[in-house]
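Chain and residue survey
Here is how the chains run, residue by residue.
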Amino acid sequence: RNKDGSIIGQKGVQYGLIKPAGPAKKPGSAPVAARPPSIFGDDDSDDDVGAQVARQADKKRSAAKVQQQYEAALAEDPTVFDYDGVYDSIQAARTQPKQQEKIERRSRYIAQLKEQAEQRKREEDIRFERRQLKERQAEDHLFEGKDKFITGAYRRKLEEDKKW
């Protein structure tokens, strides 16, 4: 065991609280007593007043320098501090190609699907017409002496079916 309470192992390794060695004191010099700060933070000693005045002057000079740099930057480029405007323009440039792509994008197969649906519908109409024709032929003996009327739309539909 050492004086400070730490333990030294077999290989010279020290375990426990290891306190660093303090600065070497010169013999004959008086220790400098540091004054504790005031509880209220109002140190009103004469030597501190000069330091405070110097700090205030430095603050004013640095604030004036910052203001001057700010004005110079604005004179050079009026939009230098327009961060929101720049961000919005970047976002607009980023989203514009995506929106353009959505507008230009066409479905590959929808036209073919529509054609197939129209073809199936025509085929179904033809089957329905054939059934109707068979039923009419079966009932023709009941209406032999009567006139038959065909509308223009029905006539056009029959011509279209013949073309197909």
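For every chain, the first residue of the written sequence is number 1, and numbering continues from 1 along that sequence. Totals for whole chains, interfaces and linings use all residues, but because this is a predicted model, local features are given only for residues with pLDDT of at least 70 and pairs of side-chain atoms are given and counted only at 80 or more. Derived side-chain values reflect all non-hydrogen atoms in the structure, with water molecules and hydrogen atoms excluded from consideration.

Time to look at the overall build of the protein. Only DSSP runs of H or I with at least four residues qualify as helices, and only runs of E with at least two residues qualify as strands; both kinds are numbered from the N terminus onward. A count of helices and strands for the protein gives four helices and two strands. Along the protein, helices and strands appear, N-terminal first, in the series β-β-α-α-α-α. Relative accessibility under 20% of the residue-type maximum defines a buried residue, over 50% an exposed one, and the middle range a partly exposed one, all with a 1.4 Å probe and only protein chains included. Within the protein, the proportion of its 164 residues that are buried is 2%. Taking the intrachain contacts of the protein between residues at least 6 apart in sequence as the baseline, contacts between residues at least 24 apart amount to 21%. Note on contacts: a residue pair is in contact if any heavy atoms of the two residues lie within 4.5 Å.

With that settled, the discussion passes to the environment of Ser-6. Counting through the fold element by element, Ser-6 comes out in the segment before β1 (7–8). Taking the C-alpha atoms as reference points, Ser-6 and Leu-17, 11 residues apart in sequence, are found 5.9 Å from one another.

As a further point, take the packing of aromatic side chains. Here is the rule: rings of Phe, Tyr and Trp (six-membered ring for Trp) pair when centre to centre is within 6.5 Å. Planes less than 30 degrees apart are stacked, more than 60 are edge-to-face, and the remainder are tilted. Applying the stated criterion across every chain yields a total of two aromatic pairs. Between Tyr-70 and Phe-81 the ring centres are 4.9 Å apart and the planes differ by 20°, which places this aromatic pair in the stacked class. With Tyr-70 in helix α1 (residues 46–76) and Phe-81 in the loop between α1 and α2 (83–104), this pair connects stretches of sequence that are 11 residues apart. Overall, Tyr-70 belongs to the partly exposed group, its relative accessible area being 39%. Under the relative-accessibility criterion, Phe-81 is labelled partly exposed at 36%. Each member of the aromatic cluster is reached from another via a ring pair, and the members are Tyr-70, Phe-81 and Tyr-83.

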